[in-house]
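Analysis of the macromolecular model
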Amino acid sequence: PITVRFDSNVSPGLPVEMTAERRSQVTNLGETALVIYRVRNLSQERLTVIAGYNVTPHKTGIYFHKLQCFCFTDQILEPGETREFPVVYYVAPELAADLNTEEVETVTLSYTLYRSMDDLIDQSLAATAPNALARPGA
């Protein structure tokens with residue numbers, strides 16, 4: 001068995017809350033597992049966000065595999081919206097055979113939410129030319 005800890009962070013100035021449904025989960029190497037991250041838009045504006053992640057200890061990152069993850073694409077959050085983002089993952093059994101990781105009993109999966117590049121570009125355009133984002137017929 002291996003313990004997987006879950007961590008969540010939000011980029012400074014991003015009006016969003018993010019938490020994992022649990023702090024940790026015990027799973028067996030090679031076993032597919034699921035954790036849910038809850039994300040809430042605290043603002044009155046539509047946000048497009050993207051998640052960056054890391055796995056620690058870093059030497060275990062090559063054994064941590066995400067099969068389904070909200071970090072693969074931009075996520076749109078409507079004003080005040082709360083969403084659940086599933087992460088389906090497994091820790092490869094090869095971790096146990098690696099002499100560099102033989103002492104590892106806990107792995108941490110950490111996410112940080114950021115404004116997506118598209119959202120930043122839209123904000124910049126809106127600030128410099130308020131009508132630049134108006135779509136014909138909208």
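Report on the accompanying structure. (Residues numbered from 1 in each chain as written. Predicted model: local features only at pLDDT ≥ 70, side-chain atom pairs only at ≥ 80, totals over all residues. Heavy atoms only, no water.)

1. Digging into the pattern of salt bridges
Taken as a whole and assessed by the stated rule, the structure comprises 7 salt bridges. Arg 22 is the salt-bridge partner of Glu 21, the closest N and O atoms lying 3.3 Å from each other. Of the residues examined, Glu 21 reaches a relative accessible area of 31% and is grouped as partly exposed. Judged by relative accessible area, which is 33%, Arg 22 ranks as partly exposed. In this structure, Glu 84 and Arg 38 form a salt bridge, with 3.0 Å as the shortest nitrogen-oxygen distance. Within this pair, whereas Glu 84 is found in strand β8 (residues 82-91), its partner Arg 38 is found in strand β4 (residues 33-41), the two being separated by 46 residues in sequence. Assessed through its relative accessible area of 34%, Arg 38 is described here as partly exposed. (Salt bridge = Lys/Arg side-chain N within 4 Å of Asp/Glu carboxyl O. Buried < 20%, exposed > 50% of the residue type's maximum accessible area, 1.4 Å probe, protein only. Helix = DSSP H or I, 4+ residues; strand = E, 2+ residues; numbered from the N terminus.)

2. Considerations on the state of the cysteines
Disulfides are covalent bonds that link the sulfur atoms of two cysteine residues. According to the stated counting rule, one finds 1 disulfide in the structure shown. Covalent S-S linkage joins Cys 69 and Cys 71, the inter-sulfur distance amounting to 2.4 Å. Sign of the S-S torsion, about 130° for the bond between Cys 69 and Cys 71, identifies this disulfide as right-handed. The same class applies to Cys 69 and to Cys 71, which are both buried. (Disulfide = S-S within 2.5 Å.)

3. Comments concerning the sheet that holds strand β5 (residues 47-56)
With mixed pairing, the 5 strands of this open sheet are ordered in space as β3-β1-β9-β5-β7. This sheet does not close on itself; its edge strands, each paired only once, are β3 (24-27) and β7 (75-77). Ignoring which end each strand starts from, the neighbouring axes of this sheet average 30° apart. Where strand β1 (residues 2-10) meets β3, 4 bridges bridge the pair, whose relative direction is antiparallel. Its bridge partner being in β3, Ile 2 is matched across the sheet by Thr 27. (Pairing = 2+ DSSP bridges. Axes fitted to C-alpha atoms, helices over the stretch in contact; angles between N-to-C directions.)

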